[in-house]
Amino acid sequence: MPTSFHQSVIDEFRANEGKVGGPFEGGDLLLLTTTGARSGVSRTTPLGYVRHGDSLLVVGSNLGGPRHPGWYHNLLARPVVRVEVGNRSFEALAVPAEGDRREELFAHVVRAVPGYGDYQAGASRVLPVVALVRAEPEGWEGPGEVRTLADKLLEVHTWLRGQLRQVRAEADAHFAARAAHQGPGAPPAPGLGLQIRQRCLAFCQALEFHHSSEDGHLFPGIARHHPHLTDVFARLDDEHRTIARIQSELAELLAGIVIAEPERFRAELEEMSSQLNAHLDYEDEVLLPLLADVPWPPEVPKG
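A quick note: this is a predicted structure, and the numbers were derived from the prediction, not measured.

Participant: Outline the packing of aromatic side chains, listing residues and values.
Facilitator: Following the criterion strictly, the structure yields three aromatic pairs and no others. Centroid distance Tyr116 to Tyr119: 6.3 Å. Interplanar angle 65 degrees. Geometry classified as edge-to-face. With Tyr116 and Tyr119 both in helix α4 (residues 115-122) and three residues apart, the pair spans about one turn of that helix. A relative accessible area of 12% places Tyr116 in the buried class. Above the plane of the ring of Phe106 lies Arg102, whose end atom (NZ or CZ) is 4.3 Å from the centre. Positioned above the aromatic ring of Phe175, the side-chain terminus of Arg266 is 4.2 Å from the ring centre.

Participant: Could you give me a rundown of the sheet that holds strand β5 (residues 80-85), with the residues and numbers involved?
Facilitator: Here seven strands make up an open sheet; going across it, the order is β2-β1-β5-β6-β7-β4-β3 and the pairing antiparallel. At either margin of the open sheet sits one strand with a lone partner, and together these are β2 (42-48) and β3 (50-52). Strand-to-strand twist of the sheet, defined as the mean angle between neighbouring strand axes without regard to direction, takes the value 35 degrees. Examined bridge by bridge, strand β1 (residues 29-35) and β5 share three bridges and lie antiparallel to one another. Residue Leu31 lies in a different strand from β5, and its bridge partner there is Glu84. Lying on the sheet, helix α3 (residues 99-112) is in contact with β3, β4 (55-59) and β7 (129-134); it crosses β3 at an angle near 130 degrees. In the packing of helix α6 (residues 194-225) onto the sheet, contacts are made with β5, β6 (88-96) and β7, and the angle to β6 comes to roughly 130 degrees.

Participant: I'd like a rundown of the pairing of β6, residues and numbers included.
Facilitator: Bridge analysis of β5 against β6 gives six bridges, and the strand direction is antiparallel. Residue Val80 lies in a different strand from β6, and its bridge partner there is Leu93. Hairpin connection, β5 to β6: the antiparallel pair is bridged by two residues, and Gly86 has positive phi, about 60 degrees. Relative to β7, β6 runs antiparallel, the two sharing five bridges.

Participant: Break down the nonpolar core for me, with residues and values.
Facilitator: Counting residues in each nonpolar core, the largest one holds 23 residues, and the members touching the most others are Phe203, Phe265, Met272 and Leu276. Of the residues forming this core, the biggest block, six residues, is contributed by α6. Apart from residues lying up to four places away in sequence, Phe203 is in contact with Leu160, Gln163, Leu164, Met272 and Leu276. The next biggest cluster of nonpolar side chains, apart from the first, holds 18 residues, and it includes Leu47, Val85, Ala92 and Ala94.

Participant: Explain the environment of Glu17 to me, and be specific about the residues and the numbers.
Facilitator: Among the secondary structure elements, Glu17 is positioned in the loop between α1 (3-15) and β1. The spacing of Glu17 and Arg88 is 71 residues in sequence and 8.3 Å in space, taken between C-alpha atoms. When sequence neighbours within four positions are dropped, the list of residues in contact with Glu17 reads Gly86 and Asn87.

Participant: Got a sec to walk through the side chain of Glu155? Specific residues and values, please.
Facilitator: Structurally, Glu155 can be placed in helix α5 (residues 149-180). A residue is classified by how much of its surface remains accessible, and Glu155, at 19% relative accessible area, is buried.

Participant: Explain the pattern of salt bridges to me, using residue names and the numbers behind them.
Facilitator: Scanning the model with the defined rule gives 17 salt bridges in all. Measuring nitrogen to oxygen at the nearest pair gives 3.1 Å for the salt bridge that ties Arg161 to Asp284. With Arg161 in helix α5 and Asp284 in helix α8 (residues 262-291), this pair connects stretches of sequence that are 123 residues apart. Accessibility assignment for this pair places Arg161 and Asp284 in one class, buried. Note that Arg266 is salt-bridged to Asp172, the shortest N-O span being 3.2 Å. Here Asp172 lies in helix α5 and Arg266 lies in helix α8, a separation of 94 residues in the sequence. The class of Arg266 is partly exposed, set by a relative accessible area of 29%. We classify Asp172 as partly exposed; its relative accessible area is 33%.

What counts and what doesn't
The numbers attached to residues start from 1 for each chain and follow its sequence in the written order. Local features in this predicted model are restricted to residues of pLDDT 70 or higher, and side-chain atom pairs are both shown and tallied only at a pLDDT of 80 or more, whereas totals for entire chains, interfaces and linings draw on every residue. Think of the side-chain values as coming from all heavy atoms in the structure, minus any hydrogens and water. Centres within 6.5 Å are what make two rings of Phe, Tyr or Trp a pair, Trp counting through its six-membered ring; a difference in plane orientation under 30 degrees is then read as stacked, over 60 as edge-to-face, and the rest as tilted. Numbering of helices and strands runs from the N terminus, with a helix taken as a DSSP run of H or I at least four residues long and a strand as a DSSP run of E at least two residues long. Whether a residue is buried, partly exposed or exposed follows from its accessible area with a 1.4 Å probe, protein chains only, as a fraction of its type maximum: under 20%, in between, or over 50%, in that order. Here, over-ring charges are defined by two tests on the NZ atom of lysine or the CZ atom of arginine: distance to the ring centre within 6 Å, and angle to the ring normal within 35 degrees. The pairing criterion is simple: DSSP has to find at least two bridges between the two strands. Only the stretch in contact is used when a helix axis is fitted, and all axes are lines through C-alpha atoms; the angle between N-to-C directions ranges over 0 to 180 degrees. The criterion used for residue contact is that any of the two residues' heavy atoms lie within 4.5 Å. Only buried residues count toward a nonpolar core. Its members are Ala, Val, Leu, Ile, Met, Phe, Trp, Tyr and Cys residues joined through side-chain atoms within 4.5 Å. Salt bridges are defined by distance alone: a side-chain nitrogen of Lys or Arg within 4 Å of a carboxyl oxygen of Asp or Glu.

Shape is all these values report; function is a separate question.
See below:
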């Protein structure tokens, strides 16, 4: 799709609360913003979608071309995406479907939009079906109203704990299904699936951003006003390095489409859980009292 046409659709979409004319008129259209796998640059793509329960399904048809579209490669590297539907905009976790689940969802898509079946019939590859689901951990409601920097830090910590719990729960369910398999039919594949990979990768990227922000801004700012806490920040810095090592090892395991060493992944995940939860507990203990009177969002100086 030429860039000029691409941008004209995006502009029309945003100017008319999701309504556009031309070849997309009357269809269900969303804007998907992904982050470049190599460039790190945000790119927005208009895509047709089909609803399925609480998720939105998009297909990497690329008009039936021989290669997956660029946005699909981007979301494999950076699973948290921005979705615009109508006048709403929200973050989502992009999860490609696999195996029987992919066949089920693709059949659902084709019933709604038969043209995708034609694209698949003419393609030499299996068209990816991607579910856009809530980026927040299951059951997420947040810790309440955020008025101070302490509230904001607690909100981030609660989010990280929830994401880690969900990754562990999905991994445990996968291992339990493998262990319980009996009778005819193939057992679950020995690797771990894309759903676990995508959520774990999103968690690792969010954790890296959080710790970089703490190291670059939050900790130096607090340390200037509390020089007596030198030992506290030395401990936090040491814990960040330990967690970064585990995170790097997890990222190495997540580099492929399929996690090829599930037992090693599970061991690394258990170590991450132990180290991170202890670290967050310590941060809550020592930092929240110091930040309880700092307003959030920061006050903008007048004049």
